[in-house]
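Residue-level structure breakdown
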Amino acid sequence: MQRTIPSLIIALHILLTAFQTGHTQSRDVSRHLGSEGPVLAFASVGADTILASLASGQLFRSCDMAWTWYLLSRTDARDALTCFLHTEAGLFAGTRSGAIVRSTDAGMSWLTVHRFPTEAIVSSLVRDGDAILGLSRDGSITRGSEHGSRWNTLAVVPSIRSTDALRLNDTLIVACGDGDGLLISDDGGATWNAPTDPPLS
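Residues numbered from 1 in each chain as written. Predicted model: local features only at pLDDT ≥ 70, side-chain atom pairs only at ≥ 80, totals over all residues. Heavy atoms only, no water.

1. Re the overall build of the protein
Note the following rule: Labels follow the DSSP assignment, with helices taken as runs of H or I lasting at least four residues and strands as runs of E lasting at least two, numbered in each case from the N terminus. Relative accessibility thresholds used throughout: buried, under 20% of the residue-type maximum; exposed, over 50%; partly exposed, between the two (1.4 Å probe, protein chains only). We call two residues contacting when some pair of their heavy atoms lies within 4.5 Å.
The number of helices and strands found in the protein is one helix and 15 strands. Scored against the burial criterion, the 201 residues of the protein give a buried share of 40%. Considering only intrachain contacts with a sequence separation of at least 6, the fraction spanning at least 24 residues in the protein is 31%.

Put into structure tokens, the structure is as follows:
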């Protein structure tokens, strides 16, 4: 019995130390990323690998499910990555300066494949079958091939601030951040209407 008590004390000490270390690491990770500016977007680029883009223009990578991070690249805040889309052709991202970029090496380097003429913030990238839809904050929707080599303007949404988009068959659905809720077009973007029974209020 006398030998059991010291063993229990040692075991409890090890468990408490591990618990405190884990929480300290968690706080340090959160504080480290947060101190560099708001996190704009996340992307999974592997089984345990995550990218985090910050408003400061820095891009961080974690290879252990977000416990520890290191700086992968740094750019001007105006070119900070705002959204991600992972496809078979690589990792696509939108920027604050209106560009759509692609990486084939998990975020180590980026190539500009398209730029919106208005240079508005790219707020969303989504799949459209084998293609990609890019939505800018000012409502421009562009459609690109899977590899991002060809792009064409699909429609323009009459919204002050567009945040997300979706295409189902020939119907375009856009979420708006200026009080319009959802806007829907079933004619390729020629006309837009709100839902008859809006789910958002």
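Past the structure itself, the notes keep going.
2. Focus on the sheet that holds strand β1 (residues 39–44)
Put simply, the rule is: Two strands are counted as paired when DSSP detects at least two bridges linking them. The convention used is that axes are lines fitted to C-alpha atoms, helices contributing only their stretch in contact, and that angles between N-to-C directions extend from 0 to 180 degrees.
Ordered by their spatial adjacency, four strands build an open sheet running β1-β2-β3-β4, and the pairing between neighbours is antiparallel. Of all the strands in the sheet, the pair left with one neighbour each is β1 and β4 (70–74). On average, each strand axis in the sheet is tilted by 25° relative to the strand beside it, whichever way the strands run. Pairing geometry for strand β3 (residues 58–62) and β4, over four bridges, is antiparallel.

3. Observations concerning unusual backbone geometry
Look at A106: it is not a glycine, yet its phi comes out positive at around 60°. As for its position among the elements, A106 is in the loop between β7 (99–103) and β8 (111–115). In this model, N169 sits at a positive phi of 55°, which is unusual for a non-glycine residue. With respect to the helices, strands and loops of the structure, N169 is situated in the loop between β13 (162–168) and β14 (171–176).

4. Section: the packing of aromatic side chains
To keep things clear, this is the line we draw: For Phe, Tyr and Trp, rings pair up if their centres lie within 6.5 Å, where Trp contributes its six-membered ring, and each pair is then called stacked (planes under 30 degrees apart), edge-to-face (over 60) or tilted (otherwise).
This model, assessed by the stated rule, comprises two aromatic pairs. Ring geometry for F42 against W69: centres 6.4 Å apart, planes inclined by 45°, an arrangement best described as tilted. Of this pair, F42 sits in strand β1 while W69 sits in the loop between β3 and β4, and the two are 27 residues apart along the sequence. Residue class for F42 comes out exposed when judged on its relative accessible area of 52%. Taking 6.4 Å as the distance between ring centres and 40° as the angle between the ring planes, the aromatic pair formed by F84 and W110 counts as tilted. Linking F84 in strand β5 (residues 81–87) with W110 in the loop between β7 and β8, this pair joins segments that are 26 residues apart in sequence.

5. Some details on the sheet that holds β14
With antiparallel pairing, three strands are arranged side by side in an open sheet as β13-β14-β15. Whereas interior strands pair on both sides, the edge strands pair on one side only; in this sheet they are β13 and β15 (181–185). The average angle at which neighbouring strand axes cross in this sheet is 20°, direction not considered. Here β14 runs beside β15; their pairing, made up of five bridges, is antiparallel. Paired with V174 across the strands is L183, a residue of β15.

6. Some thoughts on the pattern of salt bridges
What counts here: We count a salt bridge whenever a side-chain nitrogen from Lys or Arg sits within 4 Å of a carboxyl oxygen from Asp or Glu.
As enumerated under the stated definition, the model contains four salt bridges in all. A salt bridge links R78 to E119; its shortest N-O distance comes to 2.8 Å. Of the two residues, R78 sits in the loop between β4 and β5 while E119 sits in the loop between β8 and β9 (122–128), which places them 41 residues apart along the sequence. Overall, the relative accessible area of 36% leaves E119 in the partly exposed class. As a salt-bridge pair, E88 and R127 come within 3.5 Å of each other at their nearest N and O atoms. Remark: R127 occurs in strand β9 and E88 occurs in the loop between β5 and β6 (90–95); sequence separation between them is 39 residues.

7. Considering the layout of surface pockets
To keep things clear, this is the line we draw: Only protein atoms enter the 1 Å grid used here. Points where a 1.4 Å probe fits but cannot escape make up a cavity, open sets with protein on both sides within 12 Å along at least five of seven lines make up a pocket, and a residue lines them when an atom lies within 4 Å of a point. Grid points are joined across faces, edges and corners, and a volume is the space filled by probe spheres set on the points. Gly falls in the polar group here, along with every residue not listed as nonpolar (Ala, Val, Leu, Ile, Met, Phe, Trp, Tyr, Cys, Pro) or charged (Asp, Glu, Lys, Arg).
Roughly 280 Å³ of volume is contained in the largest pocket. Contributing to the lining of the largest pocket are 18 residues, with T75, D79, L81, V101 and W110 lying nearest its centre. Listed by contribution, the elements that provide at least two residues to the lining of the largest pocket are β3, β4, β7 and β8. Residues belonging to the lining of the largest pocket are distributed by class as follows: seven nonpolar, eight polar and three charged.

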